[in-house]
Structures are given as C-alpha cells and as structure tokens.
Amino acid sequence: MKILVCENYDKLSEKAAQLIMSQITLKSNSVLGLATGSTPIGMYKKLVEMYENKMIDFSDVITFNLDEYQNLPIDNDQSYHYFMDENLFNYINVKRENIHIPNGMAKDIKKECIEYDESIRKIGGIDIQVLGIGNNAHIGFNEPTVNFEKKTYVVELQESTRIANARFFNSLDDVPKNAITMGIGSIFKSKKIMLLAAGENKAKAIYDTVYGKVTPEVPASILQLHDDVIVILDKEAARLLNPVDYSVV
Ligand code: PGA
C-alpha cells in the first residue's frame, strides 16, 4: 500500500486526477471504476478541466460505478446516476454506451447483480478503481459485517451510513434502506485501486484500514492484501498515521 499525504483537499483532488490522466494516456480504452460521495467531487472537477484543456480524451474510456441506491429513480437528484452526470459525464466526451452504473430499479435485482459482474469480466476487468471510504470504513456500500461479499449484491444500509447520507436528502426517512453495490470481491479484482479520504472524520477509518486486522468488520482493511493500492489523503485524514508510512506530496 502506497500512501500519499497532500497539503489539502485541492492537492489531493489534483493528484487523484493526474493518476487517472496517466492511466488514460497509457491506455486510451481504460476501464475506470468510479465512486460517488463528496470525496471524489474535486477530482471530477479537475478531470473536466483537463478534458477542456485537451489533456484527456475519454472517447474510448469505459466506466463502471461502484453502487446505486435501490428503488430510487435515476432522475432523482440523489441517485448516483444523477450524481455522475452532474459531476462528470455531462462535461466530458465519454460515450453513453460505455457508462455502467448498477440499475437499482431493476425488476430482477439478482439478475442485475450477476450481469454487472459479468460485464466487468467480459471487458477484461477494471484497470483502476477509485474508492472513497465511509466513517465506518465501508467501501462502495460494503458495510461492516461478518463476511466479505464476493460479488455485486443488494445490501441493507447501516443506520450510520443512512444518517451520514441524510444530509443530501430532505429527511432521514427519504434515504433508501438498500443499495446495490459491487462486492468486496468485485472491487478486489481491480488491477489498481486508488482510495481517497479527506477530513478528520475519516482518520480513524484510515488508521484501521492501514494498521488494523484484515476483517469484514473494517471492509477497507482488505486492501492491505491487494498488490497495487494507492491511498491519497489530506493531512486531517492522515492524522493518526505514522509519518514513516507515507510520503508528503
Ligand atoms: P464521502 O463518502 O466521500 O461523502 O465522505 C464516502 C463513502 O461513504 O464511501
């Protein structure tokens, strides 16, 4: 696990965007695994700027998002479909047919899960997966639990996650209770993983992820076993780490 600590959120976003740009420069038809949440918004802004400045071409890029709420229509402004359009897809030249986001409205949700993993497999796997991390160390919507889920599945959201996300909804009651998410196994198959975290409230989750026991109770701890993980933090999220374990960039 390589850990980079940036002066602030803006630098973190720039670093993350540069890594995505390098990936696309090396392989124009890269398969990107994308995340929602507040953390990657700065990175998406930088990617849009890079696109506008003709530094990146997304025309052959393929994307797979980690997760989506269940039973929230995609035109709801809290759906992750909507989020991705608003923060990235509407402003770059990615082809609509190359965008994949789990369909939380699918009638046959089990089939949707199986087909999602199958689409990733058929395309040759994810080249770089972007991850945020929950206060409870969830990745995607893989909540702390007793076993690592191998495949894309439907998860019941923890109360703490619903409360954390309630800030975007009118009330806690409006936050969906379930989501469809790539499983830990689906995420782990990605060739490269980039985990982003900013802010003091992520410091404990990052500490547990880096130093803790590998356990499904701390879903992100599985990343300790992956060969190619880069963790990009701001100073606050890195606060509990030993400085010998990271580079300041
Ligand atoms: P955040 O969420 O980026 O909004 O903090 C991250 C997550 O819950 O995975």
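What you are looking at is a predicted structure, and each value in this text was computed from that prediction instead of being measured.

A. Summary view of the sheet that holds strand S8 (residues 178-181). Across the sheet, which stays open at both edges, the 3 strands sit in the order S4-S8-S7 with antiparallel pairing between neighbours. Only two strands of the sheet have a single neighbouring strand rather than two, namely strand S4 (67-69) and strand S7 (153-156). In this sheet, neighbouring strand axes are inclined to one another by 25° on average, regardless of whether the strands run parallel or antiparallel. For S4 and S8, the ladder comprises 3 bridges, and the chain directions are antiparallel. The residue bridging Glu68 from the neighbouring strand is Ile180, located in S8.

B. Quick peek at the UniProt feature "domain: Glucosamine/galactosamine-6-phosphate isomerase" (unreviewed entry) in the chain. Following the UniProt record, the feature "domain: Glucosamine/galactosamine-6-phosphate isomerase" (unreviewed entry) maps to residues 10-226 here. Across residues 10-226 one finds 34% helix and 14% strand; the C-alpha atoms that close the span lie 27 Å apart.

C. Summary view of the site of the ligand. Residues in close proximity to the ligand include Gly37, Ser38, Thr39, Gly132, Ile133, Gly134, His138, Arg167 and Lys202, which together make up its full environment. Between Arg167 and the ligand, the recorded distance is 3.2 Å, taken from a side-chain N or O atom to an oxygen atom. Across the complex, the protein chains shield 82% of the 280 Å² of accessible surface that the ligand would expose by itself. The site holding the ligand turns out to be the largest pocket. Considering only residue class, the shell around the ligand consists of 1 nonpolar, 6 polar and 2 charged.

D. View of the UniProt feature "active site" (unreviewed entry) in the chain. The residues that UniProt annotates with the feature "active site" (unreviewed entry) are Asp67, Asn136, His138 and Glu143. Considering only the residues just annotated, the largest cavity is lined by Glu143. One can find Asn136 in the loop between strand S6 (128-131) and S7. Beyond its immediate sequence surroundings of up to four residues, Asn136 is in contact with Glu143, Pro144, Gln158, Ser160, Thr161, Glu217 and Pro219. At 3.0 Å, the side chain of Asn136 forms a polar contact with the side chain of Glu143. Relative to the elements of secondary structure, His138 occurs in the loop between S6 and S7. Relative accessible area serves as the criterion here: at 12%, His138 is assigned to the buried category.

E. Fine view of the layout of surface pockets. Roughly 680 Å³ of volume is contained in the largest pocket. Taken together, 35 residues make up the lining of the largest pocket; nearest its centre are Thr36, Gly37, Ser38, Asn165 and Arg167. Counting only elements with at least two residues in the lining of the largest pocket, the list comes to S4, helix H3 (80-87) and helix H5 (159-165). Here the lining of the largest pocket takes 4 residues from H5, the largest share from any one element. When its residues are assigned to classes, the lining of the largest pocket shows 15 nonpolar, 16 polar and 4 charged.

F. Local environment of the packing of helix H1 (residues 9-26) against helix H2 (residues 41-52). Where H1 meets H2, the closest approach of the two axes is 8 Å, and the angle between their N-to-C directions is 55°. The angle between H1 and H2 falls in the class oblique. Helix-helix and strand crossings are classified by hand; for H1 and H2 the assignment is right-handed. Together, Tyr9, Asp10, Ser13, Glu14, Ala16, Ala17, Gln18, Ile20 and Met21 of H1 and Ile41, Gly42, Met43, Lys46, Leu47 and Met50 of H2 make up the contact between the two elements. Counted by class, the contact of H1 with H2 contains 9 nonpolar, 3 polar and 3 charged residues.

G. Spotlight on the packing of H2 against H3. Taken N-terminus to C-terminus, the directions of H2 and H3 make an angle of 40°; their axes are 10 Å apart at the nearest point. On the basis of the axis angle, H2 is oblique to H3. Contacts between H2 and H3 involve Ile41, Tyr44 and Val48 from the first element and Phe83, Met84 and Asn87 from the second. Among the residues forming the contact of H2 with H3, the class breakdown is 5 nonpolar, 1 polar and no charged.

H. Spatial organisation of the environment of Thr145. Mapping Thr145 onto the fold places it in the loop between S6 and S7. A C-alpha to C-alpha distance of 8.1 Å links Thr145 and Val218, two positions 73 residues apart in sequence. In this view, Thr145 contacts Pro216 and Glu217; residues no more than four positions away in its chain are not counted.

Cut-offs used in this document
Residues numbered from 1 in each chain as written. Predicted model: local features only at pLDDT ≥ 70, side-chain atom pairs only at ≥ 80, totals over all residues. Heavy atoms only, no water. Pairing = 2+ DSSP bridges. Helix = DSSP H or I, 4+ residues; strand = E, 2+ residues; numbered from the N terminus. Axes fitted to C-alpha atoms, helices over the stretch in contact; angles between N-to-C directions. UniProt positions renumbered as here; feature names shortened; annotations may be inferred. Near = heavy atom within 4 Å. Polar contact = N/O pair within 3.5 Å; in protein donor to acceptor, adjacent residues only side chain to side chain. Areas by Shrake-Rupley, 256 points an atom, 1.4 Å probe, with all protein chains shown as cover. 1 Å grid on protein atoms, 1.4 Å probe; cavity = no way out; pocket = protein on both sides within 12 Å on 5 of 7 lines; lining within 4 Å. Sits in = over half its atoms within 2 Å of the grid points. Nonpolar A, V, L, I, M, F, W, Y, C, P; charged D, E, K, R; others polar. Contact = heavy atoms within 4.5 Å. Buried < 20%, exposed > 50% of the residue type's maximum accessible area, 1.4 Å probe, protein only. Points joined across faces, edges and corners; volume = space filled by probe spheres on them. Parallel < 35°, antiparallel > 145°, perpendicular 65-115°, else oblique. Left-handed = near helix turned anticlockwise from the far one by under 90°.

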